[in-house]
Amino acid sequence: MISNGEHSYKTKGSCARNISFTAQDGKIFNIKFDGGCNGNLKMISKLLEGMPAEEIISKCRGNLCGQKNTSCADQLAQALIASE
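Computed from a predicted model, the values in this text were never measured in an experiment.

1. Digging into the overall build of the protein chain
Stage number 1. From N to C terminus, the protein chain includes 3 helices and 3 strands.
Stage number 2. Tracing the protein chain from N to C terminus, the helices and strands come up as β-β-β-α-α-α.
Stage number 3. Projected onto the principal axes, the alpha-carbon positions of the protein chain cover approximately 35 × 20 × 20 Å.
Stage number 4. Counting contacts in the protein chain only where the partners sit at least 6 residues apart, residues at least 24 apart contribute 38% of the total.
Stage number 5. Just so you have it, the protein chain exposes about 4,900 Å², and 51% of that area is on carbon and sulfur atoms.
Stage number 6. Considering the protein chain, the positive charge centre built from 10 side chains and the negative charge centre built from 8 side chains are found 9 Å apart.

2. Observations concerning the pairing of strand β1 (residues 5-10)
For a regular strand, side-chain orientation follows a simple rule: the groups alternate between the two sheet faces.
Stage number 1. Sheet topology note: the β1/strand β2 (residues 16-24) ladder contains 6 bridges and is antiparallel. If you follow serine 8 over to β2, its bridge partner there is serine 20.

3. Things to note about the sheet that holds β2
Stage number 1. Sheet architecture is open: 3 strands sit in the order β1-β2-β3, paired in antiparallel fashion. Whereas interior strands pair on both sides, the edge strands pair on one side only; in this sheet they are β1 and β3 (27-35). Across this sheet, the average inter-strand angle for adjacent strands is 20 degrees, counted without regard to direction.
Stage number 2. The sheet contact formed by β2 and β3 spans 7 bridges and is antiparallel. Considered in β3, the bridge of alanine 23 is made with isoleucine 28.
Stage number 3. Sheet strands in contact with helix α1 (residues 38-48) are β2 and β3, and its direction is about 175 degrees off that of β3.

4. Notes on the nonpolar core
Soluble globular proteins: nonpolar side chains tend toward being buried together.
Stage number 1. Membership of the largest hydrophobic core comes to 22 residues, with the highest contact counts inside it found for Ile28, Ile31, Phe33, Ile56, Leu76 and Leu80.
Stage number 2. Not counting residues up to four positions away in its chain, the partners in contact with leucine 80 are Ile2, Phe21, Ile28, Ala53, Ile56 and Ile57.

5. With respect to unusual backbone geometry
For residues besides glycine, phi is generally negative; the peptide bonds are generally trans as well.
Stage number 1. A positive phi angle, near 55 degrees, is found at aspartate 25, a position not held by glycine.
Stage number 2. Mapped onto the fold, aspartate 25 is located in the loop between β2 and β3.
Stage number 3. Aspartate 25 sits in the exposed class, given a relative accessible area of 55%.
Stage number 4. Located in the positive-phi region is asparagine 30, a residue other than glycine, with phi close to 55 degrees.
Stage number 5. Here asparagine 30 is to be found in strand β3.

Quick notes on the rules
Along each chain, residue indices are assigned from 1 in the same order as the chain's sequence is written. pLDDT decides what is reported in this predicted model: residues at 70 or higher carry local features, side-chain atom pairs at 80 or more are listed and counted, and totals for whole chains, interfaces and linings draw on all residues regardless. To obtain the side-chain values, all non-hydrogen atoms of the structure were used and water was disregarded. We count a stretch as a helix when DSSP gives it H or I for four or more residues in a row; a strand needs E for two or more, and each element gets its number in order from the N terminus. Here, residues are in contact when the closest pair of their heavy atoms is within 4.5 Å. Note that accessible areas follow from Shrake-Rupley with a 1.4 Å probe, and for residues the cover is restricted to the protein chains shown. Only four residue types enter the charge count, namely Lys and Arg as positive and Asp and Glu as negative; His and the chain termini do not. A charge is said to be at NZ when it belongs to Lys, at CZ for Arg, at CG for Asp and at CD for Glu. Following DSSP output, two strands are said to pair if at least two bridges run between them. Helix axes use the C-alpha atoms of the stretch in contact, all axes being lines fitted to C-alpha atoms, and the angles between their N-to-C directions lie in the range 0 to 180 degrees. What we call a nonpolar core is a set of buried Ala, Val, Leu, Ile, Met, Phe, Trp, Tyr and Cys residues that are connected through their side-chain atoms within 4.5 Å. Here's how the labels work: a residue is buried when its accessible area is under 20% of the maximum for its type, exposed when over 50%, partly exposed in between, all with a 1.4 Å probe on protein chains only.

Have a look at this one:
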């Protein structure tokens, strides 16, 4: 389980350069992407607000963007996994 508190993750291979979020009792809040497609990432953050980390990982892991081997959503999943 992810420890409570604020977390930050430097992304690899996506347009967003960094992702920050707050974990509280296994749920994720205040997801913020630095860079990337602003409107889309704001919507992703709203949709995932308060969701359990494991559910976010399940939904976002493996999503690709164009010809890239990752995406901003996939990097969010990687950030959550790295924070466990």
